[in-house]
Amino acid sequence: MTAPPRSPAERRRDTERRLADDVDVWVASASPDGAPHLVPLSFDWDGEALLMATLADSPTGRNLAASRTARLGPGPTRDVVMIEGTVEVFDLDALPRERVDLFVERADFDPRPLAAPYCWFRITPRRIQAWREVNELKGRELMRDGRWLA
């Protein structure tokens, strides 16, 4: 039996809880010629943006740096959250230590001492959608142009 649809406010709370509690997210990007790429990455949410790290010369790193856009999918497929965001790229030493330490604590991963060339990627949501079943498709858009609707 399908549960009754959640209100927009409930969906927003659930989405913010997922961002606060989850550690990993699917990151979809595309190359300049349109080749898709999908990988899981660890992240930290600061209430405004997701911070993640990956190799600068990996397909994901190159795609994010070139397009400056990404689509993220945290959580299970029966509790969909889709995030479209803009990407900022930072060298490993460019962010405040306190911000990086929060990422390291949450993700249990620190790219700073590694020899491979990692970068930070800060993804700021511009659009967020959330739904569970077909009865939640209407009203699934929770954020548009970087502003919460609910």
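Every chain is numbered on its own, with residues counted from 1 as its sequence reads. This being a predicted model, a pLDDT of at least 70 is required before a residue's local features are given, and a value of 80 or more before pairs of side-chain atoms are given or counted; all residues contribute to the totals for chains, interfaces and linings. Computation of side-chain values covers all heavy atoms of the structure but excludes hydrogens and water.

Some thoughts on the overall build of the chain
Helix and strand content of the chain: three helices and nine strands. Going residue by residue from the N terminus, the α and β elements of the chain occur as α-β-β-β-β-α-β-β-α-β-β-β. Computed over the C-alpha atoms, the radius of gyration of the chain is 16 Å, within 12% of the 15 Å expected from 2.2 N^0.38 for a compact globule of 150 residues. Referenced to the eigenvectors of the C-alpha coordinate spread, the extents of the chain come out at roughly 50 × 35 × 25 Å. A 1.4 Å probe rolled over the protein chains alone gives each residue an accessible area, and that area as a share of the maximum for its type sets the label: buried under 20%, exposed over 50%, partly exposed in between. The buried share among the 150 residues of the chain stands at 38%. Helix and strand assignments come from DSSP, with helices taken as H or I runs of at least 4 residues and strands as E runs of at least 2, each series counted from the N terminus. Between the two quantities, the radius of gyration covers C-alpha atoms and the globule rule is 2.2 Å times the number of residues to the power 0.38.

Here we look at the pairing of strand S7 (residues 118-131)
Counting buried positions along S7 gives 10 out of 14 residues, so the element sits mostly inside the fold. Pairs of strands are assigned from DSSP output, requiring at least two bridges between the strands. Inspection of the sheet shows strand S4 (residues 50-55) paired to S7 by six bridges, in the antiparallel sense. Bridge pairing links Leu 51 to Arg 122 in S7. In terms of strand pairing, strand S6 (residues 80-91) meets S7 through 12 bridges, oriented antiparallel. Residue pairing for S7: Glu 84 is matched across the bridge by Arg 127. Strand direction decides the pairing type here: S7 and strand S8 (residues 141-144), joined by two bridges, are antiparallel. Within S8, the residue paired with Gln 129 across the bridge is Glu 141.

Concerning the pairing of strand S5 (residues 69-73)
By the bridge criterion, three bridges tie strand S1 (residues 24-30) to S5 in an arrangement that is antiparallel. Pairing of Ala 28 across the sheet is with Arg 71, part of S5. Two elements, S5 and S6, share four bridges in a ladder whose sense is antiparallel. Along S6, the bridge assignment pairs Arg 71 with Glu 84. Hairpin connection from S5 to S6: six residues lie between these consecutive antiparallel strands, with Gly 75 at a positive phi of about 80 degrees.

So yeah, pure geometry; function would need other evidence.
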